[in-house]
Amino acid sequence: MLRNLMSVLAFVSLFAVAGCGSNGGGSTTFFEDGSVTYSVTPINAVFSSTVGTSPTSADANTVTISPTNTPFTNSTRKSPYTVKNISVKYTKMDDANFVLTETLNSTTPMASGGTVAIPITIATYTIKDAILTKGFSSSNPWNFYVNASFTVSEDYSAKSYSYQVQLGTVQFK
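This write-up is about the structure you can find in this document. Model, not experiment: these values are computed from the prediction.

A closer look at unusual backbone geometry
Right, so step 1: Of note, Ala123 is a non-glycine position whose phi angle comes to about 65°, a positive value.
Right, so step 2: As for its position among the elements, Ala123 is in the loop between strand 8 (118-121) and helix 2 (125-133).
Right, so step 3: Phi at Ala158 takes a positive value of approximately 65°, unusual for a residue other than glycine.
Right, so step 4: Mapped onto the elements, Ala158 comes out in the loop between strand 9 (142-154) and strand 10 (160-172).

Have a look at this one:
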């Protein structure tokens with residue numbers, strides 16, 4: 001009996017670990033009233049963006065971060081959640097000290113047991129204009145790693161967790 005129980009627990013543990021940190025999303029975070037996970041649609045693998053001259057225009061390429069919460073079945077309260085502090089960071093591939101950050105001034109409510117889709121535009125005019133002020137020349141493309149960060153807060157407990165998400169790469173030309 002004990003041996004069967006240990007086998008079941010080992011299998012469940014293996015299954016839980018195998019589901020964490022996949023390409024399309026993140027591991028599960030546990031709060032007081034439920035758990036949160038997320039999925040991501042990444043940047044197109046060959047995405048490039050033309051900078052041009054100032055002022056530039058944003059590209060239509062967007063990614064979507066979709067946090068989901070699942071209330072615990074035995075929880076007496078079903079807390080809503082809030083997604084906030086969303087920012088996108090561009091780090092130049094050949095110079096880790098060259099970092100541009102764009103903060104989205106939005107707070108997105110998420111109902112208990114719900115999912116929200118947060119679209120994020122990649123290569124906005126703000127980022128392109130910042131690249132131009134740093135000495136960009138269209139004769140020499142610049143490549144960037146693109147990452148996003150966001151925080152999910154459980155409204156009733158005020159507990160929060162911050163996530164770091166790799167979105168892919170972009171070449172500015």
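Having seen it, we continue.
Considerations on the nonpolar core
Right, so step 1: Judged by nonpolar contacts, the single largest core of 36 residues is most densely connected at Tyr90, Ile122, Phe150, Val152, Leu167 and Phe172.
Right, so step 2: Looking at this core, the elements with two or more residues in it are strand 2 (34-41), strand 4 (62-71), strand 5 (81-92), strand 8, helix 2, strand 9 and strand 10.
Right, so step 3: Counting residues per element, this core draws most heavily on strand 9, which supplies six residues.
Right, so step 4: The contact partners of Ile122, leaving out residues within four places of it in the chain, are Ile43, Phe47, Asp59, Asn61, Val63, Tyr90, Val146 and Leu167.

Details of the sheet that holds strand 8
Right, so step 1: Across the sheet, four strands lie side by side as 1-2-4-8; this open sheet has antiparallel pairing. The outermost strands of the open sheet, each flanked by one partner alone, are strand 1 (29-30) and strand 8.
Right, so step 2: By the bridge criterion, two bridges tie strand 1 to strand 2 in an arrangement that is antiparallel. Looking at the pairing, Thr29 lines up with Val36 of strand 2.

Details of the side chain of Thr124
Right, so step 1: Position of Thr124 relative to the elements: it lies in the loop between strand 8 and helix 2.
Right, so step 2: The buried category is assigned to Thr124, whose relative accessible area is 9%.
Right, so step 3: Ignoring sequence-local partners within four residues, the contact set of Thr124 consists of Ala58, Tyr90 and Glu102.

Side note on the pairing of strand 6 (residues 99-104)
Right, so step 1: Across six bridges, strand 5 lies against strand 6 in antiparallel orientation. Within the sheet, the bridge partner assigned to Lys89 lies in strand 6 and is Thr101.
Right, so step 2: Hairpin connection between strand 5 and strand 6: a loop of six residues separates the two successive antiparallel strands.

A short note on the pattern of salt bridges
Right, so step 1: Overall, the coordinates contain five salt bridges when judged by the stated rule.
Right, so step 2: As a salt-bridge pair, Arg77 and Glu32 come within 2.9 Å of each other at their nearest N and O atoms. Pair noted here: Arg77 is in the loop between strand 4 and strand 5 and Glu32 is in the loop between strand 1 and strand 2, with a separation of 45 residues, a long-range link.
Right, so step 3: A salt bridge links Arg77 to Asp33; the shortest N-O distance between them is 2.8 Å. A residue pair is termed long-range when its members are at least 10 positions apart, and Arg77 in the loop between strand 4 and strand 5 and Asp33 in the loop between strand 1 and strand 2 qualify at 44 residues.
Right, so step 4: For Arg77, a relative accessible area of 30% gives the class partly exposed.
Right, so step 5: Residue classification places Asp33 among the buried residues on the basis of a relative accessible area of 4%.
Right, so step 6: Ionic contacts of the salt-bridge type, sharing partners, join the residues Glu32, Asp33, Arg77 and Lys159 into one network.

Examining the pairing of strand 9
Right, so step 1: Counting buried positions along strand 9 yields 10 of 13 residues, so the element is predominantly enclosed.
Right, so step 2: Taken together, the 10 bridges between strand 5 and strand 9 define a ladder with antiparallel strand orientation. Directly across from Val83, in strand 9, lies its bridge partner Val152.
Right, so step 3: A loop of five residues connects strand 9 with strand 10, the two strands running antiparallel in sequence, and Ala158 in this loop sits at a positive phi of about 65°.

Rules of the game
- Residues numbered from 1 in each chain as written.
- Predicted model: local features only at pLDDT ≥ 70, side-chain atom pairs only at ≥ 80, totals over all residues.
- Heavy atoms only, no water.
- Helix = DSSP H or I, 4+ residues; strand = E, 2+ residues; numbered from the N terminus.
- Core = buried A, V, L, I, M, F, W, Y, C linked by side-chain atoms within 4.5 Å.
- Buried < 20%, exposed > 50% of the residue type's maximum accessible area, 1.4 Å probe, protein only.
- Contact = heavy atoms within 4.5 Å.
- Pairing = 2+ DSSP bridges.
- Salt bridge = Lys/Arg side-chain N within 4 Å of Asp/Glu carboxyl O.

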